[in-house]
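Here are the chains, one letter per residue:
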Amino acid sequence: MCGIVGYIGKRDAYPILINGLKRLEYRGYDSAGVALTINGHIDIQKQVGKIAALEELVEGKPMQGTVGIAHTRWATHGEPNQRNAHPHTDSNGDIVLVHNGIVENYDALRTMLAEKGHVFRTETDTETIAHLIEEIHKTELNFEEAFRAALQELEGTYGLALITSHDPGKLFVARKGSPLVIGIGENEYFVASDASAIIAHTRDVVYLEDGEIAIISLESGHVTKTIMNEVIEKKIERITYDLERIEKAGYSHFMLKEIYEQPRTVADCMRGRLLPEEGLTHLGGLTPIKDKVIRAPKIIITACGTSYHAGLIGEYMIEEYCRLPVEVEYASEFRYRDPIIENDHLVIAISQSGETADTLAAVREAKRKGATVMGLVNVVGSTIARETPGGTYIHAGPEIGVASTKAFTSQVTALALLTVMIARSKTMSAEMGRRIVQELKILPQKVEEALKCDAQVQQVAREFKDNTNFLYLGRGYNYPVALEGALKLKEISYIHAEGYPAAEMKHGPIALIDKDMPVVFIATRDSTYEKIISNIEEVRARKGRVIAVVSEGDEKLKDMVEFTIPIPTTFNFLQPILSIIPLQLLAYHMAVLRGCNVDQPRNLAKSVTVE
Ligand code: G6P
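Here is a short report on the structure shown in this document. (Residues numbered from 1 in each chain as written. Predicted model: local features only at pLDDT ≥ 70, side-chain atom pairs only at ≥ 80, totals over all residues. Heavy atoms only, no water.)

**A look at the packing of helix α14 (residues 430-450) against helix α19 (residues 575-593)**
If you want to describe how two helices pack, look at the angle between their axes and the distance between the axes.
And step 1. Contact geometry for α14 and α19: axes closest at 9 Å, N-to-C directions at 20 degrees. Here α14 is positioned roughly parallel relative to α19, judged by the angle of their axes. Relative to α19, the crossing made by α14 is right-handed. Contact residues: Leu443, Lys446, Val447 and Ala450 in α14; Ile577, Leu578 and Ile581 in α19.
And step 2. Along the lines of polarity and charge, the residues of the contact of α14 with α19 split into six nonpolar, no polar and one charged. (Axes fitted to C-alpha atoms, helices over the stretch in contact; angles between N-to-C directions. Helix = DSSP H or I, 4+ residues; strand = E, 2+ residues; numbered from the N terminus. Parallel < 35°, antiparallel > 145°, perpendicular 65-115°, else oblique. Left-handed = near helix turned anticlockwise from the far one by under 90°. Contact = heavy atoms within 4.5 Å. Nonpolar A, V, L, I, M, F, W, Y, C, P; charged D, E, K, R; others polar.)

The structure is reproduced here in structure tokens:
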């Protein structure tokens, strides 16, 4: 939700800022803007639309300077037009800032400032911050003091980067609820919402925590403080992944690249974590809380979007193998409804980004209630990872496509490892543990096999690209896969799609079925196979068109339905890792055929750091 980049050094800042923004475009792409300090004066350019539109604008009016900030926006307050694009300024253009987050008390602040004569030019909450600092700075305070005093007045969330002609050789940043990382180069500094924007320049970073600010200058380096002016010593951390992993590597879209990376990412999630001889799994990140994890009498999983669907699969597997009650809840509901959490319960927060505002708030709520909270997170060093006492990284590498793909299969893989870890400490036999671990070892090969369905999926996509509604049905472990398949289609091709447990169809969705309603069944051979065949018959009887994801060698369904897409089989609880692959590809090809922007679907953002 909005991306921020900043630079201070000796180089030309504009190319660094614009290239950094391109890496953050997944965070929002409603408008973009850049500001540079030039001879003590601040020059701003902004444009509605994607970063390419800003680039075009700046080409016509080149900018120079060695200190600057830039922003890509996902609109919250105020329509996504040029006026509302960041950076925003105070009355005279002396205080210029970019913001990620929401100022909740902006209305009250705006009224107070308007009474003092401030004129607002935009509908954004962000502009209020610039005017508030300006107002406070009119008093005796120096600029840094005014900056800190203003932050104390703000309610809500912010990641902020600011430059000012009052103190032109400095970059001011602050964080509360929206991520910010400072990159440390050779006599130059970078600021960004996430490290992918600066990794081309440096791997040494400092993560700001909530309530911290930093003042960065070439003379004094980076000084981190609380908003109350206490200096904080920060640890410099090193980023280990490389740039190649966040580039397209010859694929036409990040999403396709990420779908095809899955044999590797599933393997990476298990690397060093399987103990085949003992039939055990080892999750090092859980060591500090392992006893509590194993002894918890109840587990609550909380997440949003795709991560929530992975959580539903986690529920099924943990209940089946660990015989523990599990609840899965949308983080946005969990945080507001005063859930019943005992202090021996385990709460698992699943999040690709580790920054989703609702999931983070759920983590904090569960911690307040005394539960043991673990994160199941992809982005290393993200807020959820840092705020949980133990956790498991899924190691999927940077996921750029807004529609989550490889993170989902890695989340399910990590949940399987956790399930085995807990189950083996309870009733699961060593023999069963060994069989599962053996199967996990060959799972990446099966993912590779599953990807071979691409040509068939493309044929299906060509056939159905003009349909406007889809139904996705599955049972058991394949029910959350139906939800996730439908979500993928909605997200990137804007086709209305619903996922249902197949047997629920007769309680409503069956009324929708006619010759224009394609129904995607996930019908791999498992304990519900015969039942799902009956559901397929029910659809066929009403002339619905059936596409079925089936187990390799299933001749029966091949004769029954219009299109089958065969994939390998595995243990039922691991099947979603394979079943989802054709559905990811289907959404992808449909979107491409319909001319949609696959990696940056309208209205969505990869990382949702607002409620
Ligand atoms: C956004 C993304 C989804 C993602 C969800 C949860 O809506 O577009 O792809 O599943 O947030 O994100 P998280 O980073 O917490 O997994």
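**Here's the deal with the sheet that holds strand β21 (residues 372-377)**
And step 1. Spatially, β19-β18-β20-β21-β22 is the arrangement adopted by the five strands of the open sheet, whose pairing is parallel. Only two strands of the sheet have a single partner each, and these edge strands are β19 (326-330) and β22 (390-393). On average, each strand axis in the sheet is inclined to that of its neighbour by 20 degrees, with strand direction left out of account.
And step 2. Looking at chain direction, β21 and β22 are connected through four bridges and run parallel. (Pairing = 2+ DSSP bridges.)

**What about the packing of aromatic side chains?**
And step 1. Inspection of every chain in the model, using the stated rule, returns eleven aromatic pairs.
And step 2. With a centroid separation of 5.4 Å and 65 degrees between ring planes, the pair formed by Phe147 and Phe172 is classed as edge-to-face. Of this pair, Phe147 sits in helix α5 (residues 143-153) while Phe172 sits in strand β8 (residues 170-176); the two residues are 25 residues apart in sequence, bridging distant segments of the chain. There is no split in this pair, since Phe147 and Phe172 are both buried.
And step 3. On the numbers, 3.7 Å between centres and 20 degrees between planes, the contact of Tyr308 with Tyr330 is stacked. Remark: Tyr330 occurs in strand β19 and Tyr308 occurs in helix α9 (residues 305-322); sequence separation between them is 22 residues.
And step 4. Among the aromatic residues, those joined into a ring-pair cluster are Phe464, Phe470, Tyr472 and Phe563. (Phe/Tyr/Trp six-rings, centres within 6.5 Å; stacked < 30°, edge-to-face > 60°. Buried < 20%, exposed > 50% of the residue type's maximum accessible area, 1.4 Å probe, protein only.)

**A closer look at the sheet that holds β8**
And step 1. Read across the sheet, seven strands follow the order β5-β6-β7-β8-β12-β13-β14 without closing on themselves; strand pairing throughout is antiparallel. Of all strands in the sheet, those with a lone pairing partner are β5 (88-89) and β14 (231-232), marking the two edges.
And step 2. Bridge count between β5 and strand β6 (residues 95-100): two bridges; the pairing is antiparallel. By the bridge assignment for β6, His88 is matched with Leu97.
And step 3. Along the sheet, helix α4 (residues 126-137) contacts β5, β6 and β7 (158-164); its crossing angle with β6, the most-contacted strand, is approximately 140 degrees.

**Here's the deal with the pairing of strand β2 (residues 31-38)**
And step 1. Counting buried positions over the eight residues of β2 gives seven, a clear majority of the element.
And step 2. Where β2 and strand β3 (residues 41-48) come together, eight bridges link them in antiparallel fashion. The partner of Leu36 across the bridge, within β3, is Asp43.
And step 3. Where β2 folds back on β3, the antiparallel hairpin that results is connected by two residues, among which Asn39 adopts a positive phi of roughly 50 degrees.
And step 4. The pairing of β2 with strand β4 (residues 67-73) spans six bridges and is classified as antiparallel. Paired with Leu36 across the bridge in β4 is Gly68.

**Side note on helix α3 (residues 106-115)**
The periodicity of an α-helix, 3.6 residues per turn, causes residues three or four positions apart to be oriented the same way.
And step 1. Every buried residue of α3 is listed here: Tyr106, Leu109, Arg110 and Leu113. Viewed end-on, α3 has its buried residues packed into an arc of 100 degrees, placing them on one side of the element. Opposite its buried face, α3 presents the exposed residues Asp107, Ala108 and Glu115, each directed more than 90 degrees away.
And step 2. In this fold, the buried residues of α3 make contact with α4 and α5.
And step 3. At the exit of α3 stands Gly117, carrying a positive phi of roughly 105 degrees. (Arc of directions from axis to C-beta.)

**Let's talk about the pattern of salt bridges**
And step 1. Considering all chains together, one arrives at 35 salt bridges under this definition.
And step 2. Across the pair Arg148 and Glu144 runs a salt bridge, and its minimum N-O distance is 3.1 Å. In this pair, Arg148 and Glu144 are both assigned in helix α5, four residues apart and thus about one turn of the helix distant. Taken individually, Arg148 and Glu144 each receive the classification buried, so the pair is uniform in this respect.
And step 3. Of the charged contacts in the structure, one is a salt bridge between Arg175 and Asp210, with a shortest N-O distance of 2.7 Å. Here the residue Arg175 occupies a position in strand β8, and Asp210 occupies one in the loop between β11 (204-207) and β12 (212-217), the gap between them amounting to 35 residues.
And step 4. Judged by its relative accessible area of 28%, Asp210 falls in the partly exposed class. (Salt bridge = Lys/Arg side-chain N within 4 Å of Asp/Glu carboxyl O.)

**Structural notes on the packing of helix α7 (residues 262-270) against α14**
And step 1. Axis separation between α7 and α14 bottoms out at 8 Å; the angle between their running directions is 165 degrees. The angle between α7 and α14 places the two elements in the roughly antiparallel class. Every pair of crossing elements has a handedness; the one defined by α7 and α14 is right-handed. Residue-level inspection shows Gln262, Pro263, Val266, Ala267 and Met270 of α7 in contact with α14, the latter providing Leu440, Leu443, Pro444, Val447 and Glu448.

**Some remarks on the pairing of strand β25 (residues 518-523)**
And step 1. β25 sits mainly inside the fold: six of its six residues count as buried.
And step 2. Pairing between strand β23 (residues 469-474) and β25: four bridges, direction parallel. Note on β25: the bridge partner recorded for Tyr472 is Val520.
And step 3. In this sheet, strand β26 (residues 545-551) lies alongside β25 in parallel orientation, the contact comprising six bridges. What sits directly across from Val520, in β26, is Ile547.
And step 4. Taken together, β25, helix α17 (residues 529-541) and β26 constitute a β-α-β crossover, and its handedness is right-handed. (Right-handed = clockwise from strand over helix to strand, strands pointing away.)

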